[in-house]
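The lines below spell out each chain.
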Amino acid sequence: MRHIVTSPIVLGLVVIQPVSYETHMIMKISRVLQQTRSQYQNIEIVELTEYGRALVLDGLVQSTEVDEHIYHESLVHPAMTTHPEPKKVLIIGGGEGATLREVLKHSTVREAVMVDIDEKVVELSKQYLQELHKGSFYDPRGRVLIADGKEYVEKTQERYDVIILDLTDPYASEIAYELYTSQFYKKISNILTEDGIMVTQAGSSFYYENVYDKVLASVRDVFPIVREYNVWVPSFGYACNFIIGSKRHDPEKLTREEVDKRLKDRNVETRFYNGRTHIALMNLPIYRKARR
Ligand code: SAM
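Residues numbered from 1 in each chain as written. Predicted model: local features only at pLDDT ≥ 70, side-chain atom pairs only at ≥ 80, totals over all residues. Heavy atoms only, no water.

A. Structural context of the overall build of the chain. When you go through the chain residue by residue, the secondary structure sums to ten helices and twelve strands. Computed over C-alpha atoms, the radius of gyration of the chain comes to 18 Å, within 12% of the 19 Å expected from 2.2 N^0.38 for 292 residues, which places it in the range of a compact globule. Principal axes of the C-alpha set define a box for the chain whose edges measure 55 × 45 × 35 Å. Sequence-distant contacts in the chain: of pairs separated by 6 or more residues, those separated by 24 or more amount to 67%. (Helix = DSSP H or I, 4+ residues; strand = E, 2+ residues; numbered from the N terminus. Rg over C-alpha atoms; globule rule 2.2 N^0.38 Å. Contact = heavy atoms within 4.5 Å.)

Structure below.
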C-alpha cells in the first residue's frame, strides 16, 4: 500500500528549473551562497534542501552534492575504462572540477588538461564546491586552462587518449552550441591518438529529441564506433544522455569482469559505476517520447 503524503508546498526560496519548455522542477533552497554573472552566464551556488550544495548556470542545475557522482561517474568511466591505458586526457567544460576528479582516479593518467571558458565558474567552484572537486584542481597531474574549448581544439598540438566533453546543454547556452557539431567532432578526432575515445554529455533525448538526434548524427559523421547510453540524474529531472565516439575500442565489447579488473588495477574507487553498471548502461534503452 503506497503511503501518499500530502502536504502543502510552502514555497520559500526555490529554484524553478526548466526540464523542458513545458515541464519545470521546483527545488527548495535553504541558502544562497553566491549569485552573480560572468561574461558568459548567470552563476548561482546554493544549498538545496533535498540535494545539498549545487552549481546552477543560467537557471539549470549542473551538479549537486547528493547526486553528482551518478552523472560524473557515468560520464567519465565508460570511456576511460574502455581505453586500455589512458595516459593523457582532455576535459572541455567541467567547470566545477568533478569530471577532473573522476579522471584523476585512474592511476594510468599522467596528465589531465581541463579547458573551461569561464574563469568565474572555476574560481567560485574552487571556493564553494570542495564537496564536488575534492581538491582535484590541486593535483599535480592536472592543468586548468581558461579558454574557449573550440579555439583550444583548433590550436593545440597535443594528442589525447580520451577527450571528455562536459559542457552546458546543447539547447541551453550559446557558448557551447558549436561544440556539438560534426565540424567540432572532426577537430576532436584530429587531436585524438589513433585508438582514442571521445565522450560527450548530450542533454535529454526525451525532452529535446531533435537536438539530441542532431548531436548523435554529428558523432556518427566522424567516428566508426558510436555508442549511446543514458542515466537518470534526480536533480536534472531526466535521464541524461551520453554519446561515445571511438576510433578503435568498443565499450560494448567489454565484459563485466574486464571493467572491474581495469578499475581495480587502476585503483579507481567509485560509488555508482562498476562492471555490472557498465553492462547495464550499455544495454539500457534510450528514453524517447511515444509518438502521439
Ligand atoms: N555537468 C553539467 C551538465 O551536464 O549539466 C555540465 C558541467 S559544467 C558546469 C559545464 C561547463 O561548460 C561550464 O563550466 C561552462 O563554463 C563550460 N563551457 C560552456 N561552453 C564552453 C566552451 N565553449 N568552452 C569551454 N567551456 C565551456
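Having seen it, we continue.
B. Geometry of the domain arrangement of the chain. As far as domains go, the chain holds domain 1 (14-64) and domain 2 (68-283). Taken over C-alpha atoms, the centre of domain 1 sits 22 Å from the centre of domain 2. Counting from both sides, the interface comprises 26 residues of domain 1 and, opposite them, 25 residues of domain 2. A buried area of about 2300 Å², summed over both sides, lies between domain 1 and domain 2, and 65% of it is on carbon and sulfur atoms. On the domain 1 side of the interface with domain 2, the three residues burying the most area are Val19, Tyr40 and Arg53, jointly 23% of the side's total. The tally of links from domain 1 across to domain 2 stands at zero salt bridges. Summed over the shared surface of domain 1 and domain 2, the result is seven residue pairs in polar contact (both at pLDDT 80 or more). Top element by residues in the side of domain 1 that touches domain 2 is strand β2 (residues 24-37). It accounts for six residues. (Domains from an automatic or database assignment. Buried area = accessible area lost by both parts, 1.4 Å probe. Salt bridge = Lys/Arg side-chain N within 4 Å of Asp/Glu carboxyl O. Polar contact = N/O pair within 3.5 Å; in protein donor to acceptor, adjacent residues only side chain to side chain.)

C. A look at the packing of helix α1 (residues 68-82) against helix α10 (residues 275-283). Where α1 meets α10, the closest approach of the two axes is 11 Å, and the angle between their N-to-C directions is 100°. With respect to α10, the element α1 is oriented roughly perpendicular. Contact residues: Ser74, Pro78 and Thr82 in α1; His278, Leu281 and Met282 in α10. (Axes fitted to C-alpha atoms, helices over the stretch in contact; angles between N-to-C directions. Parallel < 35°, antiparallel > 145°, perpendicular 65-115°, else oblique.)

D. Main features of the sheet that holds strand β8 (residues 142-146). Strand order in the open sheet made by the seven strands is β8-β7-β6-β9-β10-β12-β11, with mixed pairing throughout. Sheet topology places β8 and β11 (225-233) at the edges, where each strand pairs with a single neighbour. In this sheet, adjacent strand axes meet at a mean angle of 15° when their direction is disregarded. Pairing between β11 and strand β12 (residues 238-246): nine bridges, direction antiparallel. Across the sheet, Asn230 pairs through a bridge with Asn241, a residue of β12. (Pairing = 2+ DSSP bridges.)

E. Summary view of the layout of surface pockets. The volume enclosed by the largest pocket comes to roughly 200 Å³. Forming the walls of the largest pocket are Pro170, Tyr171, Ala172, Ser173, Glu174, Tyr177, Tyr180, Thr181, Val211, Lys214, Val215 and Ser218. Of all the elements in the fold, those that place two or more residues in the lining of the largest pocket are α6 (174-177) and α8 (209-222). When grouped by side-chain class, the residues that make up the lining of the largest pocket number seven nonpolar, three polar and two charged. (1 Å grid on protein atoms, 1.4 Å probe; cavity = no way out; pocket = protein on both sides within 12 Å on 5 of 7 lines; lining within 4 Å. Points joined across faces, edges and corners; volume = space filled by probe spheres on them. Nonpolar A, V, L, I, M, F, W, Y, C, P; charged D, E, K, R; others polar.)

F. Main features of the confidence of the model for the chain. Looking at the chain as a whole, its pLDDT mean stands at 95, while 96% of the residues score no less than 70. Taken as a whole, residues 1-5 scores under 50 in pLDDT and shows zero contacts with residues more than four places along the chain or in a different chain. (pLDDT = per-residue confidence, 0-100.)

G. Layout of the nonpolar core. Residues Leu48, Val103, Ile164, Val199 and Phe242 are the most contacted members of the largest nonpolar core, which totals 48 residues. With six residues, the single largest contributor to this core is α1. Two domains share this core, each providing at least three of its residues, namely domain 1 (14-64) and domain 2 (68-283). Ignoring any residue separated from it by four or fewer positions in sequence, one finds Phe242 in contact with Tyr71, Ser74, Leu75, Val199, Thr200, Gln201, Ala202, Arg227, Glu228, Tyr229 and Val231. Counting residues in hydrophobic clusters, the runner-up holds 28 residues, among them Leu90, Ile191, Val215 and Phe223. (Core = buried A, V, L, I, M, F, W, Y, C linked by side-chain atoms within 4.5 Å. Buried < 20%, exposed > 50% of the residue type's maximum accessible area, 1.4 Å probe, protein only.)

H. Quick look at the site of the ligand. Neighbouring the ligand are 25 residues, the closest being Gln41, Tyr71, Asp116, Gly149 and Ile175. Between the ligand and Gln41 there is a distance of 3.0 Å, counted from an oxygen atom to a side-chain nitrogen or oxygen. For the ligand, a nitrogen atom lies 2.8 Å from a polar atom in the backbone of Gly149. Relative to its unbound accessible area of 590 Å², the ligand is 100% covered by the protein chains. Judged by the proximity of its atoms to the pocket grid, the ligand belongs to the largest cavity. For the shell around the ligand, the secondary structure elements donating two or more residues are β4 (52-57), β7 (111-116) and α6. Classifying every residue of the shell around the ligand by side-chain character gives twelve nonpolar, eight polar and five charged. A domain-level breakdown of the shell around the ligand finds at least three residues from each of domain 1 (14-64) and domain 2 (68-283). (Near = heavy atom within 4 Å. Areas by Shrake-Rupley, 256 points an atom, 1.4 Å probe, with all protein chains shown as cover. Sits in = over half its atoms within 2 Å of the grid points.)

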